[in-house]
Structure formats: C-alpha cells, structure tokens
Amino acid sequence: MLSSPRKSKTSRRLTALALGLGLASAALGTAGPASEAPAPEHTAASTAVTTARYAGSAEDTSNTKAFFDAVLKSVAKKQAANPSLASVTVYYNASQAPSFRSQISSSASIWNSSVSNVKLQSTSSGADFSYYEGNDSRGSYASTNGHGGGYIFLDYAQNRQYDSIRVTAHETGHVLGLPDHYSGPCSELMSGGGPGTSCTNRYPNAAERSRVNQLWVNGLAKAIAKLNKTP
C-alpha cells in the first residue's frame, strides 16, 4: 500500500469506518475467471479481504506475504502442469482498470527490466492477479481474498497526488513479494508515499531487485514441490 506519512493509521481507519457506515458496497466490474480474485468491495466493515496496510507492522508483513503466497501458488500450478516452460511468468488482467492501462504497462516493463527470475505479462483470462480502479479512503493497495486470488486496487485521488507509475510499480512490488517500507528513501520503491509527493522514482533499488529474484527462485521451487506432494 502506498500511503502518505501525514495520515496516521488510526485516522485512516476512522475515516474508512465513517465512509463505510454511509456508503453501500459496490463491485468494480464483472468477476473474472475462477482463478482470479473477485472485484473488491470498498467498505470498512468488510472482512472478506486481507489488505496490505501501513508499513512496519506485523499486520502489514503478514498480509503482504498472504498476497504473494496466493500469486505464487497460482503460478506454481501452471509451472507444475507445464514443467517444460522456460521462464516463470506471472499473468495479470488489467481490464478492470482501464484508466491506468498505460501505468500498468509501464510498471510491468519496469519490473521486467529489473529482475530476471520472473516476468509479468498481460492476459485477458486465467490471470494470477488483477488490477482494479476506483475511490477508496485507504488509497491504493494489494490484497488477497483468502481463497487463492489476488488483486491490486488503484485509487484515483492518490494517483493524482503521487507519481502514478510509482504508485502502480510499488503496488506491483507486493505481487512479487516485497513489503512496504515507508521509512526508506525515495530511491527505494517500496518506501511508497513515505518520501512525499515530490518523489518520482519508479524503479526498485538493488536490494529490492535481489530480494525478488531470490523469492522467485526459492519460493517457487518450494511451492511446486509442495504441489507435487499433494495427492
């Protein structure tokens, strides 16, 4: 989640609660294939999704891992079914975020040029995760529904306030296994909104690139091994 340092965790939750009490939930589009997450519902009372929230908390670390694990499992199933595949590809569906099509494409290109052990590719069906757009007091975030599906939500207001490609690349970093780290410098992509609105860096630093490469070598191998042991 990319968040402004001026907005405290408590105030965000109170704002979200007030909005949730006054607004009905609304889906952002038709549901995708069974392997994809359903359209997110934006109410504070909803407990159906697990959201990557504020940096530095145990909750954030746990939720980011849950989202990464959901995507990893989806990719592992495809790799296990097609062991001859030469590369690891994570497929995303951007059809429910048409306003951000350019930013999503740029974000994928950034990550594809930054890491070697995993690639992002657009698809219209059978995606490992999806992008959605809309208004949410929490801003943009990565989430899992707890049932093997994941999605990234891109908030309109936040993407007008911050560099939109940085926001999208940051949230996509969660897909690849990286947690928020708002105390980091602008040169660190996962510092998100911590450095302020003037920060326009869109690229992961060396440590972030290395971490993603490690996660997709070791993590995927373990996920495939686990699937092969399942009756």
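Residues numbered from 1 in each chain as written. Predicted model: local features only at pLDDT ≥ 70, side-chain atom pairs only at ≥ 80, totals over all residues. Heavy atoms only, no water.

**Q** Mind laying out the packing of aromatic side chains, listing which residues take part and the relevant values?
**A** This structure, assessed with the given rule, holds eight aromatic pairs. An angle of 40° between the planes, with centres 6.2 Å apart, marks the rings of tyrosine 92 and phenylalanine 129 as tilted. One end of the pair, tyrosine 92, is in strand E2 (residues 89-96); the other, phenylalanine 129, is in strand E4 (residues 129-134), and 37 residues separate them in sequence. We classify phenylalanine 129 as buried; its relative accessible area is 0%. Relative to phenylalanine 153, the ring of tyrosine 141 lies with its centre 5.4 Å away and its plane at 25°, an arrangement referred to as stacked. Here tyrosine 141 is found in strand E5 (residues 141-144), whereas its partner phenylalanine 153 is found in strand E6 (residues 150-155), with 12 residues between them in sequence. (Phe/Tyr/Trp six-rings, centres within 6.5 Å; stacked < 30°, edge-to-face > 60°. Helix = DSSP H or I, 4+ residues; strand = E, 2+ residues; numbered from the N terminus. Buried < 20%, exposed > 50% of the residue type's maximum accessible area, 1.4 Å probe, protein only.)

**Q** I'd like a rundown of the state of the cysteines, residues and numbers included.
**A** In a disulfide, the sulfur atoms of two cysteines are held together by a covalent bond. With the rule as written, the count across this model stands at one disulfide. Each sulfur of the disulfide joining cysteine 186 and cysteine 199 lies 2.0 Å from the other. Note on the cysteine 186 and cysteine 199 pair: the S-S dihedral is about 90°, so by sign convention the disulfide is right-handed. In this pair, cysteine 186 is assigned in the loop between helix H5 (164-175) and helix H6 (206-229) and cysteine 199 in the loop between H5 and H6, connecting sequence segments 13 residues apart. Using a relative accessible area of 27% as the deciding quantity, one classes cysteine 186 as partly exposed. On the accessibility criterion, cysteine 199 (4% relative accessible area) is buried. (Disulfide = S-S within 2.5 Å.)

**Q** Before we move on, could you go through the packing of helix H3 (residues 101-114) against H5 and cite the residues and values that matter?
**A** The interhelical angle for the contact between H3 and H5, taken along N-to-C directions, is 55°, at an axis separation of 9 Å. The orientation of H3 relative to H5 falls into the category oblique. Pair H3 / H5 crosses with right-handed handedness. From H3, Gln103, Ile104, Ser106, Ser107, Ile110 and Trp111 reach across to H5, where they touch Ser164, Ile165, Thr168, Ala169, Thr172 and Gly173. Of the residues belonging to the contact of H3 with H5, the class tally is five nonpolar, seven polar and no charged. (Axes fitted to C-alpha atoms, helices over the stretch in contact; angles between N-to-C directions. Parallel < 35°, antiparallel > 145°, perpendicular 65-115°, else oblique. Left-handed = near helix turned anticlockwise from the far one by under 90°. Contact = heavy atoms within 4.5 Å. Nonpolar A, V, L, I, M, F, W, Y, C, P; charged D, E, K, R; others polar.)

**Q** Before we move on, can you summarise H5 with the specific residues and values?
**A** Between its first and last C-alpha atoms H5 spans 17 Å; for 12 residues at 1.5 Å apiece the expected length is 16 Å, and the two agree. Residue glycine 177 follows H5 closely and has a positive phi angle near 110°. (Expected span 1.5 Å × (residues − 1).)

**Q** Could you give an account of the confidence of the model for the protein chain, naming the residues involved and the relevant values?
**A** On average, the protein chain scores 76 in pLDDT, and the residues at 70 or more come to 68%. Mean pLDDT in the protein chain bottoms out at helix H1 (residues 9-22), which sits at 37, and peaks at H3, which reaches 98. Here residues 5-35 is modelled with pLDDT under 50, and outside its nearest four sequence neighbours on either side it reaches 45 contacts, counting other chains as well. Long-range and interchain partners of residues 43-57, a stretch whose pLDDT sits below 50, account for 45 contacts in this model, where long-range means more than four residues apart. (pLDDT = per-residue confidence, 0-100.)

**Q** I'd like a rundown of the nonpolar core, residues and numbers included.
**A** Grouped together as the largest cluster of nonpolar side chains are 37 residues, with contacts concentrated most on Val90, Trp111, Phe129, Tyr131 and Trp216. Of all the elements in the fold, those that place two or more residues in this core are helix H2 (58-81), E2, H3, E4, E6, H5 and H6. Ignoring anything within four residues of it in the chain, the contact list for tryptophan 216 reads Phe68, Val71, Leu72, Val75, Val88, Val90, Asn117, Val118, Val175 and Leu176. Listed in part, the six residues of the second largest apolar core include Met1, Tyr132, Tyr141 and Tyr151. (Core = buried A, V, L, I, M, F, W, Y, C linked by side-chain atoms within 4.5 Å.)

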